[in-house]
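The residues making up each chain are set out below.
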Amino acid sequence: MAIPKYNEMYVDLLNILADMEIHKSSEIKDILAAKFHVTDAEREEMLPSGRQAIFDNRVGWARTYLKKAGLIQSPARGAYQLTPDGKRALEENPSGIDNRYLERFDSFRQFKQFNGAPALPADPSSGESPQDIFDIAYQQINGALADDILSEVLGQSPAFFERLVVKLLERMGYGGSLAGAGTVVGQSGDEGIDGIIREDKLGFDVIYIQAKRWDRDKTVGRPEVQKFVGALAGQGASKGLFITTAQFTKEARGYAQKQHTTKIVLVDGQMLTRLMIEYNLGVSTEAVYEIKRLDSDFFCGSAD
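S.K.: Give me the lowdown on the sheet that holds strand β4 (residues 182-184), citing residues and values where you can.
M.R.: Read across the sheet, five strands follow the order β4-β5-β6-β8-β10 without closing on themselves; strand pairing throughout is mixed. Edge positions in the sheet fall to β4 and β10 (263-267), since each has one partner strand and no second. With direction set aside, neighbouring strand axes in the sheet form an average angle of 20 degrees. With five bridges connecting them, strand β8 (residues 239-244) and β10 associate as parallel partners.

Printed below as a string of structure tokens:
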């Protein structure tokens, strides 16, 4: 029997978790392999990148999609459990859970629209070109990765988050090669300042940082930004970065933009994860694909 597609495993994966107990990832994969009669040889078949087994990759995407829909949760790293919504889904649709069914959940629709990326077309007649499909898939993979990064960050301590922010800024080039370009102030009670980083290699200017590891659904309003502006004034600072795993309200962003004597930059959880992916912080490269096109100039001239 061929290796099943990721969406063909939804119901069986949910049934494995139907006892509402926590099950490890390795256990889930073993049970699914037995259910679909996937042989040991087939479990060793690799993706074209050679970095991951096809079966493991598809199980991973099945888990990701069910998790984004809120049907399963991950109470611990590498472990999964059915949610109340997942239990109801099994009771209502014991054999009819597919991507269309998952679309009824807001969290799943938001996930598939990450960064404005449309859903992958169901068939070639959709009018999407292969390049379009590749680009959409790339955005969705990064969307899933960004969500996983944010979950991991939220599971860490506030002190870890403060160090992460300083390290990210260093990775982005702030401070250049200057030793000690970034400093974590942390719990020293420095009037709401969590970190300081030099803006350039020579250290002519510094940026003061406030880093708040708050729940992703929390909104940061204007009062919090005002407090930060006050803390900057107390330091005689002219530049500040407020970075959080949460979201900023429209009023908070408007207030920051209106500051003239102090430059304030606001970075929310979504932008944070994009920057971490772009600057390779907390992530590793899974695969690299090259898309090539015809070089017309070569064929118009000499082939020498």
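S.K.: Would you mind going over the packing of helix α2 (residues 25-35) against helix α4 (residues 54-68) in detail, with residue names and values included?
M.R.: Helix packing for two helices is described by the angle between their axes and how far apart those axes are. Relative to each other, α2 and α4 sit at 110 degrees, their axes nearing to 11 Å. On the basis of the axis angle, α2 is roughly perpendicular to α4. The two elements α2 and α4 meet at a crossing, and its hand is right-handed. Contacts from S25, K29, L32 and A33 of α2 reach α4 at F55, D56, V59 and R63. Looking at the contact of α2 with α4 residue by residue, the classes come out as four nonpolar, one polar and three charged.

S.K.: Just give me the short version of the pattern of salt bridges, but keep the residues and values in it.
M.R.: Summed over the entire model, instances satisfying the criterion amount to 13 salt bridges. Close ionic contact of K35 with D12 constitutes a salt bridge, the shortest N to O distance being 3.8 Å. Highlighted residues: K35 in helix α2 and D12 in helix α1 (residues 10-16), separated in sequence by 23 residues. The exposure class of D12 is buried, given its relative accessible area of 18%. A salt bridge links K292 to E290; the nearest nitrogen and oxygen atoms lie 3.6 Å apart. The exposure class assigned to E290 is exposed, which follows from its relative accessible area of 66%. Beyond isolated ion pairs, a larger network of salt bridges with shared partners links K68, D147, D148 and R216.

S.K.: Describe the environment of E44, naming the residues involved and giving the relevant values.
M.R.: Relative to the assigned elements, E44 resides in the loop between α3 (40-43) and α4. Sequence separation between E44 and I54 is 10 residues; the distance between their C-alpha atoms is 7.8 Å.

S.K.: Break down the nonpolar core for me, with residues and values.
M.R.: Counting residues in hydrophobic clusters, the biggest one holds 33 residues, and the most contacted among them are L32 and L102. Considering each element in turn, this core owes the most residues, six residues, to α4. Discounting residues that sit within four places of it in the chain, L32 has contacts with M9, D12, L13, I16, F55 and V59. Core analysis: the next-biggest nonpolar cluster, separate from the first, contains 21 residues, V153, F161, I209 and I243 among them.

S.K.: Break down the sheet that holds strand β1 (residues 23-24) for me, with residues and values.
M.R.: Across the sheet, which stays open at both edges, the three strands sit in the order β1-β3-β2 with antiparallel pairing between neighbours. The open sheet has two edge strands with one neighbour each: β1 and β2 (72-76).

S.K.: Account for the pairing of strand β6 (residues 206-212), naming residues and giving values.
M.R.: Of all seven residues making up β6, five are buried, and the element is well covered by its neighbours. Across four bridges, the pairing between strand β5 (residues 195-198) and β6 is antiparallel. Each residue of the ladder has a partner; that of G195, found in β6, is I209. Direction of pairing for β6 relative to β8: parallel, over a ladder of five bridges. Residue pairing for β8: Y208 is matched across the bridge by G240.

Conventions we followed
- Residues numbered from 1 in each chain as written.
- Predicted model: local features only at pLDDT ≥ 70, side-chain atom pairs only at ≥ 80, totals over all residues.
- Heavy atoms only, no water.
- Pairing = 2+ DSSP bridges.
- Helix = DSSP H or I, 4+ residues; strand = E, 2+ residues; numbered from the N terminus.
- Axes fitted to C-alpha atoms, helices over the stretch in contact; angles between N-to-C directions.
- Parallel < 35°, antiparallel > 145°, perpendicular 65-115°, else oblique.
- Left-handed = near helix turned anticlockwise from the far one by under 90°.
- Contact = heavy atoms within 4.5 Å.
- Nonpolar A, V, L, I, M, F, W, Y, C, P; charged D, E, K, R; others polar.
- Salt bridge = Lys/Arg side-chain N within 4 Å of Asp/Glu carboxyl O.
- Buried < 20%, exposed > 50% of the residue type's maximum accessible area, 1.4 Å probe, protein only.
- Core = buried A, V, L, I, M, F, W, Y, C linked by side-chain atoms within 4.5 Å.

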